[in-house]
Amino acid sequence: MAARKKWTPSKEQLDAYKKQIEKTQELSKTAIRDIFDNYSTDIDTIIDYITFASKFYKYSPNNVAMIKAQLPDSTFVQSGGAWFKMGAVPKKGTHGAKILVPQNKKFIIAEKDIVLEKQELCDEQREKIISSNAKYVAIGFSEACKEIKSMAKKGKFDIKEKLVYGQGTVFDIAQTTYPKEDYPKLFTVGIPDEKANFMCNAITNYINERTPYSIEDIELESISLHGFYSPSSNSICINNNLEDSEKIYVILHELGHAFYHNVYAHEIEQENTDDTRVLTTERKEIEADIFSIMNLSMYGFELNDSLKEHLKGNYKQYIAELEELGKTPNEISKEIEILSTKVMKKFNSHVTEMNLYIEEYTLQQEQETFLEEDEINQETDENEMSL
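Residues numbered from 1 in each chain as written. Predicted model: local features only at pLDDT ≥ 70, side-chain atom pairs only at ≥ 80, totals over all residues. Heavy atoms only, no water.

Thoughts on helix 8 (residues 196-210)
- Taking 1.5 Å per residue as the helical rise, helix 8 with its 15 residues ought to reach 21 Å, and the 21 Å between its terminal C-alpha atoms agrees with that figure.
- Those residues of helix 8 lying buried are A196, M199, C200, A202, I203, T204, Y206 and I207. (Helix = DSSP H or I, 4+ residues; strand = E, 2+ residues; numbered from the N terminus. Expected span 1.5 Å × (residues − 1). Buried < 20%, exposed > 50% of the residue type's maximum accessible area, 1.4 Å probe, protein only.)

Have a look at this one:
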């Protein structure tokens, strides 16, 4: 049987793909820029973006902005291939969201004269290479002609890898044939009030067992004093008079402070005393607020108005400080974007481990509850038999 010939895209197909990549890259820039450009009048859009992002911690902030722009009502997305592995496919006629996918691409660093002699080039590419003063030029391994590939494999030219971005498509769960009754297996649809205590205990145990920090319940003078993070002892101190629904927010807020504002982070501040982005108290509160709100949103807790107003108030004060420093609107917009996406990346880096712990904790609690109920049933049976 004859070997199957490897498919090679034509020059026209490659050019069309490059144009698609450029279009997707532009969407990546505009989608996130649109969120932060109206910072002075529309902080709700930023908060909406933050809560939306909590559902997509496997994706970069830019890709989240792209998903939100194209599929604003999505709840759980992944590629068509990933859905196929789960026994589902995108429904006919659905259009997914375009995102940027990082890829390691091989390049051949070949002599300029040999590339001009051997490689098939369009007029634009040829002119660009001729006008260059470089002795060597980089050419994609997959696009290189047979002669140049052969020279590279024999060691005449170096082969380098570079991180580049290709285009991918993701589909929301509602766009696929995935069974609706199995949705809860992939994402939460909300946490009932009676489970706030359970989540408090689960997250407290996670912090105590899997992080350098510890939770301490303490008495504070007023219920209005919710808690604080102590960098010197690496402890998160929580007012023991708080209800569980409020306590969980305070724990997560102070955990955000612990992640961002521990002793090591404080040392960096001292080394960068001219960096206003680091030293402002409002910025620290924003970072902790974003971190806690993303966690609460991910676990399905409703965000009350006081949480949102706290974040809004700190955003406004921080913006006012930047304006006093003479920052331009474009600089302020970029500053807020950097601040917000930095927290999102930190959230993304920790949330997988936290979720795995909570799954293990849930299973352990269910097993303990089952054993307790079994013991009670056995005692009941024994008592009935003795009667």
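Focus: the environment of K92
- With respect to the helices and strands, K92 occurs in the loop between helix 4 (80-85) and strand 2 (97-111).
- Given a relative accessible area of 86%, K92 falls into the exposed group.

Observations regarding the sheet that holds strand 4 (residues 158-172)
- Taking strand neighbours across the sheet as the criterion, the four strands line up as 1-4-2-3 in an open arrangement whose pairing is antiparallel. Edge positions in the sheet fall to strand 1 (77-79) and strand 3 (136-140), since each of these pairs with one other strand and no more. Taken pair by pair, the neighbouring strands of this sheet meet at an average axis angle of 35°, ignoring direction.
- As paired strands, strand 2 and strand 3 are joined by five bridges and run antiparallel to one another. Note on strand 3: the bridge partner recorded for A110 is V137. (Pairing = 2+ DSSP bridges. Axes fitted to C-alpha atoms, helices over the stretch in contact; angles between N-to-C directions.)

Digging into the sheet that holds strand 5 (residues 214-218)
- Taken together, three strands build an open sheet; the order of strands is 5-7-6 and the sheet is mixed. This sheet does not close on itself; its edge strands, each paired only once, are strand 5 and strand 6 (227-230). Strand after strand, the sheet turns through a mean of 20° between neighbouring axes, direction not considered.
- Taken together, the four bridges between strand 6 and strand 7 (residues 235-239) define a ladder with antiparallel strand orientation. Bridge pairing in strand 7 links G227 to I238.
- Together, strand 5 and strand 7 form the strand contacts of helix 8, whose direction differs from that of strand 5 by roughly 125°. (Contact = heavy atoms within 4.5 Å.)

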